[in-house]
Protein chains: 2
Amino acid sequence: MPRAATTSDPFNAIAEPRRREILTLLAAEEWPVADIATELAMGQPSVSKHLRVLLDVGLVEVRREGRQAFYRTNPMQIKAIHDWTSRFEQYWTGQLLRIKARAERAR
Amino acid sequence: MPRAATTSDPFNAIAEPRRREILTLLAAEEWPVADIATELAMGQPSVSKHLRVLLDVGLVEVRREGRQAFYRTNPMQIKAIHDWTSRFEQYWTGQLLRIKARAERAR
DNA sequence: ACAACCTATGCCGATAACGGAATATGTCAA
DNA sequence: TTGACATATTCCGTTATCGGCATAGGTTGT
């Protein structure tokens, strides 16, 4: 059995490097599909398919205007992933403090 | 072409729900393989395979002692993912502020 | 209505991923 | 050495995923 569908799990949607590129691009402002394809050197159908996945998990939003579709990142969904990783924050700060202390003992 | 191998991309390794469970369990303290399997109700070979993936991308570390292998989460690698999501932080805080402002205007 | 345009979807072949069962590797104790 | 124990790997069948190409939908302008 393969993993949970990309269309239902934000973590899985993020797993694809191309989709992370798209999210980064669309973070600051909305982009039409064709421009995304040009900017990231991808085929238009490929971009549309990735956007479809990102849309299904709520990582992007669309605004349709005539025959164009403007996509933009929905940061709140990325916050969900950020929050999950934050649960480990106490451990890596502890680790960083130990590394720092060791460095100071060494000099 | 499928996506980048789980063994080379931390984001991809994290995409599997079972592996996230393992990481959460191993965050506070190290665990031997058999205990992980019992705790999470998974088969031992399955756990070993997931740990292998997590080890390859550096998300866990091992300490071998006799015939046991104690695994623990390596928080620094999770920090890498955390850092990527942080690039979007300015956008979701902005979004939260707008929601808050709208709520206050409404009451 | 027709053509140009932008975007979405369907089909294809190749590939990686998963779980489960069996088995291999390695370690300890008698 | 032999057997019990802990973990790792291999094999197998099933399924999701990706890119590329062709094409379908929907919109605008003539």
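Whatever comes next refers back to the structure up there.
Calculation criteria
- Throughout this document, residue positions are counted from 1 along each chain, in the order its sequence is written.
- For naming, the first written chain is A and the first written ligand is 1, with later ones following in the order written.
- Reporting of local features is limited, given that this is a predicted model, to residues whose pLDDT is at least 70; pairs of side-chain atoms are given and counted only at 80 or more, and all residues count toward the totals for whole chains, interfaces and linings.
- As a rule here, side-chain values come from all non-hydrogen atoms in the structure, and water together with hydrogens is ignored.
- The superposition of copies rests on a least-squares fit of C-alpha positions from residues with pLDDT of 70 or more in both.
- For this analysis, residues touch if any pair of their heavy atoms sits within 4.5 Å.
- At least two DSSP bridges between two strands are needed for those strands to be called paired.
- The helix and strand labels rest on DSSP assignments: H or I over at least four residues marks a helix, E over at least two residues marks a strand, and numbering proceeds from the N terminus.
- Put simply, two rings from Phe, Tyr or Trp (the six-membered ring, in Trp's case) pair if the centres are within 6.5 Å, and we call them stacked under 30 degrees between planes, edge-to-face over 60, tilted for the rest.
- Type-normalised accessible area, obtained with a 1.4 Å probe on protein chains alone, sets the label of each residue: buried when under 20%, exposed when over 50%, and partly exposed for intermediate values.
- In our convention, an over-ring charge means Lys NZ or Arg CZ found within 6 Å of a ring centre and within 35 degrees of that ring's normal.
- To estimate the expected span of a helix, count its residues, drop one, and scale the result by 1.5 Å.
- Read the arc as the range of directions from the helix axis to the C-beta atoms.
- To get an axis, a line is fitted to the C-alpha atoms, and for a helix only the part in contact is used. The angle between two axes follows their N-to-C directions and goes from 0 to 180 degrees.
- Roughly parallel refers to an angle under 35 degrees, roughly antiparallel to one over 145, roughly perpendicular to one between 65 and 115, and oblique to any angle outside these ranges.
- Working rule for handedness: look at the near helix, and if it is turned counterclockwise from the far one by less than a right angle, call the crossing left-handed; if clockwise, right-handed.
- Classification used: nonpolar for Ala, Val, Leu, Ile, Met, Phe, Trp, Tyr, Cys and Pro, charged for Asp, Glu, Lys and Arg, polar for all others including Gly.

Draft legend 1. A look at the relation of the copies chain B and chain A. Here chain B sits on chain A after a turn of 180° about the axis and a move of 0.0 Å along it, with an RMSD of 0.1 Å. Both copies are brought into coincidence by an operation consistent with a two-fold rotation axis. A shared binding surface is used by both copies, with 100% of the interface residues of chain B retained as interface residues in chain A.

Draft legend 2. Up close: the sheet that holds strand β3 (residues 68–73) of chain B. Residues and elements named next belong to chain B. In space, the three strands of this open sheet follow the order β1-β3-β2, with antiparallel pairing throughout. Only two strands of the sheet have a single neighbouring strand rather than two, namely β1 (31–32) and β2 (60–65). Alignment of β1 against β3, held across two bridges, turns out to be antiparallel. Paired with P32 across the two strands is F70, which belongs to β3.

Draft legend 3. Up close: the packing of aromatic side chains. Residues and elements named next belong to chain B. Evaluation of the coordinates by the stated rule reveals four aromatic pairs over all chains. With a centroid separation of 5.5 Å and an interplanar angle of 80°, the aromatic rings of F11 and W84 are classed as edge-to-face. Here F11 is found in helix α1 (residues 10–14), whereas its partner W84 is found in helix α5 (residues 75–86), with 73 residues between them in sequence. Accessibility expressed as a relative area gives 12% for F11, which makes it buried. Its end group placed over the ring of F70, R63 keeps NZ or CZ at 4.7 Å from the ring centre.

Draft legend 4. Up close: helix α4 (residues 44–56) of chain A. All names here are of chain A. Look at α4: 18 Å from first C-alpha to last across 13 residues, which is about the 18 Å you get at 1.5 Å a residue. Along α4, the residues classified as buried are V47, H50, L51, V53 and L54. The arc enclosing the buried residues of α4, seen along the axis, measures out at 155°, which places them on a common side. For α4, the exposed residues set more than 90 degrees away from the buried face come down to K49 and R52.

Draft legend 5. Quick peek at the sheet that holds strand β2 (residues 60–65) of chain A. The strand order across the open sheet formed by three strands is β1-β3-β2 (chain A), and the pairing between neighbours is antiparallel. The sheet is open, and its two edges are formed by β1 (31–32) and β2 of chain A, each paired on a single side.

Draft legend 6. Seen up close, the packing of helix α3 (residues 33–40) of chain A against α4(A). Residues and elements named next belong to chain A. It is at 9 Å that the axes of α3 and α4 come closest, and there the two elements cross at 110°. In terms of axis orientation, α3 runs roughly perpendicular to α4. Remark: the crossing between α3 and α4 carries right-handed chirality. When α3 is examined against α4, the residues V33, I36 and A37 are found in contact with a partner set consisting of Q44, V47, S48 and L51. Considered class by class, the residues forming the contact of α3 with α4 number five nonpolar, two polar and no charged.

Coordinates in, geometry out; function isn't part of it.
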